[in-house]
Amino acid sequence: STLDRSSAASDVYKRQGLAIPLSHSNNESNDHAMILPKIPQELTDFKPEIGLILGSGLGFFADDRIEVVGRVPYGDIEGFPVSTVQGHVGQFVYGTIEGKRVICMQGRFHFYEGYAMSQVTLPIRAMHEIGVRTLFVTNAAGGINLDFVPGNFMLLSDHINALGTNPLIAWKGSEGVQFPDMSEVYDGELRAKIRDWAKAHSVDLKEGVYLATTGPSFETPAEVRAFGTLGADAVGMSTVPEAIVARKFGMRVIGISCITNAAAGISKTELTHEEVSETADSVRPQFADLLAAGVSLA
Ligand code: HPA
């Protein structure tokens, strides 16, 4: 029967220590309603207004800048995936930044880990459910724009979805817009405030278009040239799914990339995950100042 085949497949994934893609889990369809997590009461009661997703090497922000009220490991939430990437802890941290109630993802889910798009964006759904209205999405990215140097920050002005799929495909549930407008994904007004803050504080804040690939391989030099021609200033492996779902719910979204390296072919050196983590780590205080300022301006 279908059920036998499906559990056999899921056993194979388990034996190999792999995340079980939704299509092979016992939950057979991409049915978001069926996989909705049971959100812990402590998160609901806290009523966070702002959500933060901390990208590769940027998880320290939760420890450095949040007046922490509590932590909830993803593994403690029924129906929640667990993050597997080095440098990603995998928990919600909630508390305040300058009096604003925030919920922060220390570790996110990537499509390249084998999760379904519905799983990658499940935390956004959870955040929406507990009342989050503004989302800051951060990531590490490779610089395509020749003006960018490693350690720069880039405010996302827009994005290009080169994932080959969309998290809203087969979406179940009636909340939100079925065909979300994407003409201003990253809030122009809040971006202007952040830009002004950066200017006043002599932060060399770049602004540009982020292109998302699935990864996990880095790009070839030919791909980087092609993406540049398409209008991309930076390239990474995240952010776009979360931003799309957030817009479906009408959340205000801000995206910030930490340019950790020049993209392939622009730099002649080999790209490694270590380089990405090291650069992110080297700009820790600057990144923290920028993100904290963004939150206080939101
Ligand atoms: N490419 C894709 N993703 C990345 C990169 C890159 O060069 N750097 C950090 N994340």
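For clarity, every value in this text was computed on a predicted model and none was experimentally measured.

What about the overall build of the protein chain?
When helices and strands are tallied, the protein chain shows 10 helices and nine strands. Out of the 298 residues belonging to the protein chain, those deemed buried represent 54%. Sequence-distant contacts, at least 24 apart, represent 80% of the contacts inside the protein chain between residues at least 6 apart. Surface accessibility of the protein chain: about 12900 Å² in total, with carbon and sulfur atoms responsible for 51%.

Some words on the pairing of strand β1 (residues 50-54)
Among the five residues of β1, five are classified as buried, and the element is accordingly described as predominantly covered. Taking every second residue as pointing to the same face, both faces of β1 are buried, with I50, L52 and L54 on one and G51 and I53 on the other. As paired elements, β1 and strand β4 (residues 100-106) share five bridges and run parallel to each other. Each residue of the ladder has a partner; that of L54, found in β4, is Q106.

With respect to helix α10 (residues 284-297)
Counted at 1.5 Å a residue, the expected span for α10 with its 14 residues is 20 Å, and the 20 Å between its end C-alpha atoms agrees. Within α10, burial applies to F287, A288, L290, L291, A292, A293, G294 and V295.

Quick word on the confidence of the model for the protein chain
This prediction gives the protein chain a mean pLDDT of 87; 86% of its residues lie at or above 70. Low pLDDT, under 50, characterises residues 1-9; the predicted model gives this stretch seven contacts beyond four residues in sequence or across chains. The low-confidence segment residues 22-33, where pLDDT is below 50, has 34 contacts with residues more than four positions distant or belonging to other chains.

Concerning the site of the ligand
If you check the shell around the ligand, you find A140, A141, G142, F218, E219, V235, G236, M237, T260, N261, L271 and V276 and nothing else. At 3.4 Å, a backbone N or O of G142 approaches a nitrogen atom of the ligand. At 2.8 Å from a nitrogen atom of the ligand is found a side-chain nitrogen or oxygen belonging to E219. Broken down by secondary-structure element, the contributors of at least two residues to the shell around the ligand are β5 (134-143), β8 (234-236) and β9 (252-262). It is β5 that provides the largest number of residues to the shell around the ligand, a total of three residues. Its residues assigned to classes, the shell around the ligand shows seven nonpolar, four polar and one charged.

Some details on the side chain of E242
Structurally, the position occupied by E242 is in helix α8 (residues 240-248). For E242, a relative accessible area of 2% puts it in the buried group.

Describing the side chain of S267
Take S267: it is sitting in the loop between β9 and α9 (273-282). Within the local environment of S267, its side chain forms a polar contact with the side chain of T269, the two groups lying 2.9 Å apart.

A short note on the packing of helix α6 (residues 188-200) against α10
With their axes 10 Å apart at the nearest point, α6 and α10 run at an angle of 135 degrees to one another. Classified by the angle their axes make, α6 and α10 are oblique. In this structure, the crossing between α6 and α10 has a hand that is right-handed. Of α10, the residues touching α6 (which contributes L190, K193, I194 and W197) are D289, L290, A293, G294 and L297. Split into classes, the residues belonging to the contact of α6 with α10 amount to six nonpolar, one polar and two charged.

So, the pattern of salt bridges
One pass over the structure, following the stated rule, counts nine salt bridges. One salt bridge in this structure joins E207 and R195, with 2.7 Å as the shortest N-O distance. Of the two residues, E207 is situated in strand β7 (residues 205-212) and R195 in helix α6; the sequence distance between them amounts to 12 residues. The salt bridge involving D204 is made with K206; its shortest N-O contact spans 3.4 Å.

Cut-offs used in this document
- Residues numbered from 1 in each chain as written.
- Predicted model: local features only at pLDDT ≥ 70, side-chain atom pairs only at ≥ 80, totals over all residues.
- Heavy atoms only, no water.
- Helix = DSSP H or I, 4+ residues; strand = E, 2+ residues; numbered from the N terminus.
- Buried < 20%, exposed > 50% of the residue type's maximum accessible area, 1.4 Å probe, protein only.
- Contact = heavy atoms within 4.5 Å.
- Areas by Shrake-Rupley, 256 points an atom, 1.4 Å probe, with all protein chains shown as cover.
- Pairing = 2+ DSSP bridges.
- Expected span 1.5 Å × (residues − 1).
- pLDDT = per-residue confidence, 0-100.
- Near = heavy atom within 4 Å.
- Polar contact = N/O pair within 3.5 Å; in protein donor to acceptor, adjacent residues only side chain to side chain.
- Nonpolar A, V, L, I, M, F, W, Y, C, P; charged D, E, K, R; others polar.
- Axes fitted to C-alpha atoms, helices over the stretch in contact; angles between N-to-C directions.
- Parallel < 35°, antiparallel > 145°, perpendicular 65-115°, else oblique.
- Left-handed = near helix turned anticlockwise from the far one by under 90°.
- Salt bridge = Lys/Arg side-chain N within 4 Å of Asp/Glu carboxyl O.

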